[in-house]
Amino acid sequence: MFQRFRRTRLNKQLRSLVRETHVSTDDFIYPLFVRSGENIKTEVASMPGVFQMSIDEAIKECEILKSLGLYSIILFGIPDVKDSIGSDALCEHGIIASAVRAIKKAHPDMFVVTDLCFCEYTDHGHCGIIDEEHETVDNDATLEISGQQAIVHAKAGADMIAPSGMMDGIIETIRASLDKAGFENLPIMAYSTKFASGYYGPFRDVAESTPSFGDRASYQMDPANRREAIAESISDEAQGADILMVKPALAYLDIVREIKDNTSLPMAVYNVSGEYAMIKFAGMNDLIDYDRVVMETMIGFKRAGADIIISYHAKEVAQMLQKS
């Protein structure tokens, strides 16, 4: 006798009872982009609904997020002055440290993650100190200042640090720096499998981080490499990461599942700017049922193995969940 799978689909309440994958507001981290000044809230043309904000506006935004049940954010800083080594990122009075202190003071219950990288802070747009001979980032020189940046974030009050620069050895370096400075309980969320992707375009508009030459293929991963992707995350786990991440998410759900099956750490995905923009503009042009596609996408991330979703859709998802 063939099995009648439809028996558990015919009744709406029964469909809910047997549903395998669930999305909740606890799954999300919402990205915020902060810059100096006051009363600044500038929408990004390539990412409708996403803004560059001054710190006072980011504090107001956190109030809105909490009203929706969202208590986790990841901060990106946009400095007024950029230089070759990203000095603002190493300064205790720089934009990211100032934002962390202000937000934690106003919202001590908000979980604040800091993106640790140099691309937003350098005048060349790359993720560290430049190796002029090879026209790429000097891995070990960048590790040294990455440890310094981690201490700046920690002293400012960050609840978790997320290094995104993809330097070899960065997790071990930051873990050692934090431990030595007395921050042994501060967790690290590793951008452990981050691909050199075409999906990042709109982010470079909001973060003002487009490289002035070349690309990031020498330090971000080749999208074609599956085994290397798994090895990158396993390496970060061994170096002391507390949470692993795959970025981007949509085109790499197979990688999410394989890393989930090969490691023991919680798994995050970054639903990146290009993914957001495609769905957003398709919805704005009535090409798709926007809410349905957004929620279907989030379910896809969870089904693939994600425990945490970093997404610009988080506020919209929270509103959908409140209505359901």
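A. Quick look at the nonpolar core. Counting residues in each nonpolar core, the largest one holds 77 residues, and the members touching the most others are F28, L32, I73, L75, L178, V246 and M298. In terms of residues, this core owes the most to one element, helix 4 (residues 139-156), which gives seven residues. Contacts of L32, omitting those with residues within four sequence positions, involve M53, A58, E61, C62, I73, I74, L75 and F76. I74, F76, M160 and A162 belong to the second-largest nonpolar core, a separate cluster that totals 25 residues.

B. Examining a positive patch on the surface more closely. Taken together, R4, R6, R7 and R9 make up a surface patch of like positive charges. Turning to its location among the elements, R4 is positioned in the segment before helix 1 (12-17).

C. Just helix 4, in detail. With 18 residues, helix 4 should reach 26 Å at 1.5 Å per residue; the first-to-last C-alpha distance of 26 Å fits that figure. Inspection of helix 4 places T142, L143, I145, S146, G147, Q149, A150, I151, V152, H153, A154 and A156 among the buried residues, and these make up the whole buried set. Of the surrounding elements, those touching the buried residues of helix 4 are helix 3 (95-106), strand 5 (111-116), strand 7 (136-137), strand 8 (160-163) and helix 5 (170-180). Its side-chain oxygen at 3.3 Å from the backbone nitrogen of D140, D138 defines the N-terminal cap of helix 4. Looking at the residues trailing helix 4, positive phi occurs at G157, about 115°.

D. Inspection of helix 7 (residues 226-239) at higher detail. The first and last C-alpha atoms of helix 7 sit 20 Å apart over 14 residues, in line with the 20 Å expected at 1.5 Å per residue. For helix 7, the complete set of buried residues consists of A229, I230, E232, S233, D236 and Q239. Here the buried face of helix 7 lies against helix 5, strand 9 (193-194), strand 10 (244-247) and helix 8 (253-262).

E. Layout of the side chain of K280. For K280, the location among the structural elements is in helix 9 (residues 273-284). On the accessibility criterion, K280 (11% relative accessible area) is buried. Apart from the residues lying within four places of it in its own chain, the contact partners of K280 are P48, Y290 and E316.

The rules behind these values
Every chain is numbered on its own, with residues counted from 1 as its sequence reads. The predicted nature of this model means local features are confined to residues of pLDDT at least 70 and side-chain atom pairs, given and counted, to a pLDDT of 80 or more, with totals for whole chains, interfaces and linings taken over all residues. Working from all heavy atoms in the structure, the side-chain values ignore hydrogens and water. Remark: nonpolar core denotes a set of buried residues (Ala, Val, Leu, Ile, Met, Phe, Trp, Tyr, Cys) joined through side-chain atoms within 4.5 Å. Only protein chains enter the accessibility calculation, which uses a 1.4 Å probe. A residue is then buried if its area is under 20% of the maximum for its type, exposed if over 50%, and partly exposed in between. Helical segments are the DSSP runs of H or I of at least four residues, strand segments are the runs of E of at least two, and each set is numbered from the N terminus. The contact criterion used throughout is that any non-hydrogen atoms of two residues lie within 4.5 Å. Patch criteria: residues need more than 30% relative accessible area and no salt bridge. Like-charged residues are merged within 9 Å; nonpolar side chains of Val, Leu, Ile, Met, Phe, Trp and Tyr are merged within 5 Å. Using a 1.4 Å probe, accessible areas were evaluated by the Shrake-Rupley method; residue-level cover was limited to the displayed protein chains. For this analysis, a salt bridge means a side-chain nitrogen from Lys or Arg found within 4 Å of a carboxyl oxygen belonging to Asp or Glu. Charged-residue counts in this description rest on Lys and Arg as positive and Asp and Glu as negative, His and the chain ends being excluded. In this description, the location of a charge corresponds to atom NZ of lysine, CZ of arginine, CG of aspartate or CD of glutamate. By this rule the span expected of a helix is its residue count minus one, scaled by 1.5 Å. We define a polar contact as two N or O atoms separated by no more than 3.5 Å, with the added condition that, inside protein, one atom must be a possible hydrogen donor and the other a possible acceptor, whereas residues neighbouring each other in sequence contribute only through side-chain atom pairs.

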